[in-house]
Amino acid sequence: ALRASFASKAHSKDRTIRYNLQPQASFRVAVLGAAGGIGQPLALLIKMSPLVSDLHLYDIANVKGVAADLSHCNTPSQVKDFTGASELANCLKGVDVVVIPAGVPRKPGMTRDDLFNINAGIVRDLVSAVADNCPGAFIHIISNPVNSTVPIAAEVLKLKGVYDPKKLFGVTTLDVVRANTFVAQRKNLKLIDVDVPVVGGHAGITILPLLSKTKPSASFTDQEIEELTVRIQNAGTEVVEAKAGAGSATLSMAYAAARFVESSLRALDGDGDVYECSFVQSDLTDLPFFASRIKLGRKGVEAFIPSDLQGLTEYEQKALEALKPELKASIEKGIAFAQKQT
Ligand code: NAI
């Protein structure tokens, strides 16, 4: 089954997370930006994984206390803290999965693109260190604007001669998590069963939930499609406004990022049934990067699911064409930024 829900997989009977289990695998995970609003709860959720042996937490400040605190949880992984650029290389050596939620979040009135000027440079520098110290790792980019920061990361890795497009991921899991939640609520479906693929990118209209591909199959009125699509696209802004200046989604994001980490670790561990949506280098459309459902394997992206983009409804087809110019511009902005630096 193409089911990829954190809840359904992580809590199925053979994968129950028990907090004092012996490790089931020994992967090393690093979180860069670990003292932040996303970083802290994400580190906690990763600390609960029986697949992790070492959890490396990096930030420019305040990470020592986070690591000391988490290290008291009686779960298998060893937690280590790393502060500032001089400790970044040691944080990254030997790591299998690097998760990057470093950077500034939105405030009310801001778009994700407004974050570009600060976050582009942060992602460039962190990915450069990843290229030098753990070039074979899976890289999960959370820092916004994802539509641009993933292409920046790709350029940096190319310049260093270590780019593997199968291992660079923009984290769009939160869009899927939101789509699943909102659709289950609206259609009164059992939440754990619902899976809605979300394609395109990770900002505004570039977020395209494919409601016609919802599993289990559900039928929607035109009004439901419009309302659900717009709500999923603006869900991040819903949180930004509710937080009223205190940041953007952190807890649901940590949950979503932890699901993507867990899926990656299961794939690395040889599980042959791991599917997630992610913003990756892609041939599915004429754009160089595109979010879609992918099959994850030991080497990263193992396969795309082209049938997800076939048989779209007229609404989805139009939305797909409408998002392309914005997504293309964001990708090109990222590439231009990275190339200008050299
Ligand atoms: P935050 O401000 O609470 O935390 C960011 C952390 O990054 C801070 O601890 C800060 O010290 C650290 N940081 C800054 N520069 C750094 C550097 N050079 N190296 C290492 N760490 C550095 O922000 P929050 O809420 O955790 O958000 C982080 C990012 O995640 C933002 O860019 C936000 O837009 C993005 N985000 C992405 C989502 C997605 O779906 N992909 C959803 C929600 C947020």
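So, how was this worked out
- Residues numbered from 1 in each chain as written.
- Predicted model: local features only at pLDDT ≥ 70, side-chain atom pairs only at ≥ 80, totals over all residues.
- Helix = DSSP H or I, 4+ residues; strand = E, 2+ residues; numbered from the N terminus.
- Buried ≥ 20, exposed ≤ 12 C-beta atoms within 10 Å, placed from the backbone.
- Expected span 1.5 Å × (residues − 1).
- Bend = angle between axes of the 7 residues up to and from the residue.
- UniProt positions renumbered as here; feature names shortened; annotations may be inferred.
- Pairing = 2+ DSSP bridges.
- Right-handed = clockwise from strand over helix to strand, strands pointing away.
- Axes fitted to C-alpha atoms, helices over the stretch in contact; angles between N-to-C directions.
- Parallel < 35°, antiparallel > 145°, perpendicular 65-115°, else oblique.
- Left-handed = near helix turned anticlockwise from the far one by under 90°.
- Contact = placed C-beta atoms within 7 Å.
- Nonpolar A, V, L, I, M, F, W, Y, C, P; charged D, E, K, R; others polar.

Draft legend 1. Highlighting unusual backbone geometry. Following Asn-144, the chain continues to Pro-145 via a peptide bond in cis, the omega torsion being -5°. Tracing the chain through its elements places Pro-145 in the loop between β5 (138-141) and α6 (146-159). Note that the residue after Lys-215, namely Pro-216, is joined by a cis bond; omega there is -5°. Relative to the helices and strands, Pro-216 resides in the loop between β8 (207-209) and α8 (222-243). In the Ramachandran plot, Asn-62 falls in the positive-phi region, its phi being about 65° despite a non-glycine side chain. By the C-beta count within 10 Å, which is 14 here, Asn-62 ends up partly exposed. Unlike most non-glycine residues, Asn-188 shows phi in positive territory, near 55°. Relative to the helices and strands, Asn-188 is located in the loop between α7 (173-187) and β7 (198-200). On the neighbour-count criterion, Asn-188 (7 C-beta atoms within 10 Å) is exposed.

Draft legend 2. Structural view of helix α10 (residues 314-340). Over its 27 residues, α10 extends 40 Å from the first C-alpha to the last, a length consistent with the 39 Å expected when each residue adds 1.5 Å. The principal kink in α10, of about 35°, is found at Lys-324, preceding the proline Pro-325 by one to four residues. Burial in α10 covers these residues: Glu-316, Ala-319, Leu-323, Leu-327, Ser-330, Ile-331, Gly-334, Phe-337 and Ala-338.

Draft legend 3. Examining the UniProt feature "domain: Lactate/malate dehydrogenase N-terminal" (unreviewed entry) in the protein chain more closely. UniProt's entry tags residues 28-170 with the feature "domain: Lactate/malate dehydrogenase N-terminal" (unreviewed entry), counted in the numbering of this structure. Along residues 28-170, the helical share is 38% and the strand share 21%, with 20 Å between the first and last C-alpha atoms.

Draft legend 4. A look at the pairing of β5. Side chains Phe-138 and His-140 project from β5 onto one buried face, and the interleaved Ile-139 and Ile-141 project onto a second face that is buried too. Summarising the sheet, strand β4 (residues 97-100) and β5 pair through four bridges and their orientation is parallel. Bridge pairing in β5 places Val-98 opposite Ile-139. In the classification by handedness, the crossover that spans β4, the intervening helix α5 (residues 116-133) and the parallel β5 is right-handed. Alignment of β5 against strand β6 (residues 168-170), held across three bridges, turns out to be parallel. Counterpart to His-140 in the pairing with β6 is Phe-169. Crossover connection from β5 via α6 to parallel β6: handedness right-handed.

Draft legend 5. Molecular detail of the packing of α7 against helix α9 (residues 251-268). Interhelical geometry of α7 versus α9 gives an angle of 110° and a closest axis separation of 8 Å. With respect to each other, α7 and α9 are oriented roughly perpendicular. The hand of the α7/α9 crossing is right-handed. The segment α7 lies against α9, with Thr-173, Leu-174 and Val-177 engaging Ser-252, Met-253, Tyr-255, Ala-256, Ala-257, Arg-259 and Phe-260. Of the residues in the contact of α7 with α9, the class split is seven nonpolar, two polar and one charged.

Draft legend 6. Focus on the environment of Ala-25. Mapped onto the elements of the fold, Ala-25 is located in the loop between α1 (6-10) and β1 (27-32). Here the alpha-carbon distance between Ala-25 and Arg-266, two residues 241 residues apart in the chain, equals 9.3 Å. For Ala-25, the residues in contact, after removing those within four places along its chain, are Leu-51, Leu-265 and Asp-269.

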